[in-house]
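Given next are the chains, with one letter for each unit.
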Amino acid sequence: MRQLKQDFREAELSPANLAMCVYVEKLTLKPWEMVEADVIALREAGFSDSAILDINQVTGYYAYVNRLADGLGVELEEFWKELDGENDS
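This section reports on the structure supplied with the text. Here the structure is a predicted model, which means the values were calculated and not measured. (Residues numbered from 1 in each chain as written. Predicted model: local features only at pLDDT ≥ 70, side-chain atom pairs only at ≥ 80, totals over all residues. Heavy atoms only, no water.)

### Considerations on the packing of helix H1 (residues 15-29) against helix H3 (residues 49-72)
The interhelical angle for the contact between H1 and H3, taken along N-to-C directions, is 40 degrees, at an axis separation of 10 Å. Taken together, H1 and H3 sit at an angle that is classed as oblique. H1 and H3 meet at a crossing whose hand is right-handed. On H3, the residues touching Met 20, Tyr 23, Val 24, Leu 27 and Thr 28 of H1 are Ile 55, Asn 56, Thr 59 and Arg 67. Of the residues assigned to the contact of H1 with H3, the class counts are five nonpolar, three polar and one charged. (Axes fitted to C-alpha atoms, helices over the stretch in contact; angles between N-to-C directions. Helix = DSSP H or I, 4+ residues; strand = E, 2+ residues; numbered from the N terminus. Parallel < 35°, antiparallel > 145°, perpendicular 65-115°, else oblique. Left-handed = near helix turned anticlockwise from the far one by under 90°. Contact = heavy atoms within 4.5 Å. Nonpolar A, V, L, I, M, F, W, Y, C, P; charged D, E, K, R; others polar.)

Now the structure itself:
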């Protein structure tokens, strides 16, 4: 089985996908530090304003859903636990 990369910086990504991952990581981990320059970096990487909005909304949606699940103590399905265990090796 192919080994999955744990850090997007180690993966072979296009410059646009790398810029998107940098933006998503910052929005997820430090949303209070987001500035206009973060959006400009996505535009410079080739993303339209519509695509940037999509990236932002999907990131926000997943943050919301994960916090709901975490806050309610929702357990992962066995499939995800097994997949995570495969990536640890």
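Once you've had a look at it, read on.
### Regarding H3
Every α-helix winds through 3.6 residues per turn, so residues three or four apart in the chain are directed the same way. Along its 24 residues, H3 runs 35 Å from first to last C-alpha, staying within 8% of the 34 Å computed at 1.5 Å per residue. Considering only its buried residues, H3 is in contact with H1 and helix H2 (36-44). Just downstream of H3, Gly 73 is the residue with a positive phi angle, here 70 degrees. (Expected span 1.5 Å × (residues − 1).)

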